[in-house]
Amino acid sequence: DVVVTYTITATVNPKAAGDVSNIANSGKLKVTLKKPIVPLVGTVTATKTTGTATYIPGGTVTFTLKETNTGGLSTVSVLDKLADQQTTDANGTVIPAYTSWSYSSSISGTGSASGNTATGTGDISDTLKMTGDVVVTYTITATVNPKAAGNVSNTATSGSTAVTPSSPITPTQGTVTATKTTGT
């Protein structure tokens with residue numbers, strides 16, 4: 001008997017999300033790969049940054065949340081509840097940190113992703129399906145409560161991991177000037 005072996009090397013499309021298989025035909029003989037090749041499970045990491053170190057009460061702050069998959073196929077839940085974020089007022093009373101917010105999301109990299117909400121004004125609650133080499137970026141713009149006097153921040157959840165900027169945003173320190181006048 002003569003055995004002929006062919007070795008086939010193929011590059012899988014980086015946007016592939018399902019099983020990969022191969023069927024070969026040799027004359028009347030059809031050969032199918034017995035077990036499909038399943039995608040590797042990916043590694044998703046999340047980071048959150050802010051563009052400023054201070055805020056003005058009633059002004060806006062921006063946060064960037066990046067979900068990066070450097071491996072195979074992954075599914076990850078992303079939750080960002082800005083309504084739950086708190087700060088304090090000048091009297092030390094706990095108040096909501098933000099009065100309103102909006103966000104947008106984008107996808108970059110050679111892989112693919114789905115499940116992200118393109119734009120919104122409520123809390124983020126997405127379930128992402130991501131192939132390798134893809135980044136889903138959320139840009140969140142929030143209006144700080146005009147009564148805020150304490151630090152503000154924004155913690156999201158990626159899978160079961162809390163994601164917070166490296167440091168909170170502190171209030172801009174104002175200057176108070178007093179002038180006393182006397183009557184004649």
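For the structure itself, consult the block above.
Residues numbered from 1 in each chain as written. Predicted model: local features only at pLDDT ≥ 70, side-chain atom pairs only at ≥ 80, totals over all residues. Heavy atoms only, no water.

**Student:** Please clarify how the pairing of strand β12 (residues 124-130) should be interpreted in this entry.
**Tutor:** The alternating pattern of β12 places Ile-124, Asp-126, Leu-128 and Met-130 on a buried face, while none of Ser-125, Thr-127 and Lys-129, on the opposite face, is buried. Where strand β6 (residues 74-80) meets β12, seven bridges bridge the pair, whose relative direction is antiparallel. Bridge pairing in β12 links Ser-77 to Thr-127. Here strand β10 (residues 113-114) pairs with β12 via two bridges, running antiparallel. Looking at β12, one finds that Ser-114 is bridged to Lys-129. (Buried < 20%, exposed > 50% of the residue type's maximum accessible area, 1.4 Å probe, protein only. Helix = DSSP H or I, 4+ residues; strand = E, 2+ residues; numbered from the N terminus. Pairing = 2+ DSSP bridges.)

**Student:** Where do I start with the packing of aromatic side chains in this structure?
**Tutor:** For any two aromatic rings, the description comes down to two numbers: the centre-to-centre distance and the angle of the planes. Per the counting criterion, the structure on display carries two aromatic pairs. Pairing Phe-63 with Tyr-98 gives two aromatic rings, centres 6.3 Å apart and planes at 85 degrees, and the pair type is edge-to-face. With a gap of 35 residues between them, Phe-63 in strand β5 (residues 60-69) and Tyr-98 in strand β9 (residues 98-109) connect regions that are remote in the sequence. Side by side, Phe-63 and Tyr-98 carry an identical accessibility label, which is buried. When the ring centre of Phe-63 is taken as origin, the NZ or CZ atom of Lys-48, which lies over that ring, is 5.7 Å away. (Phe/Tyr/Trp six-rings, centres within 6.5 Å; stacked < 30°, edge-to-face > 60°. Lys NZ or Arg CZ within 6 Å of the ring centre and 35° of its normal.)

**Student:** Explanation requested: the environment of Pro-165 in the structure shown.
**Tutor:** Positionally, Pro-165 belongs in the loop between β15 (161-163) and β16 (170-171). A C-alpha to C-alpha distance of 6.5 Å links Pro-165 and Thr-50, two positions 115 residues apart in sequence. If sequence neighbours within four positions are ignored, Pro-165 has contacts with Lys-48, Phe-63, Ser-153 and Asn-154. (Contact = heavy atoms within 4.5 Å.)

Shape descriptors only; they carry no functional weight alone.
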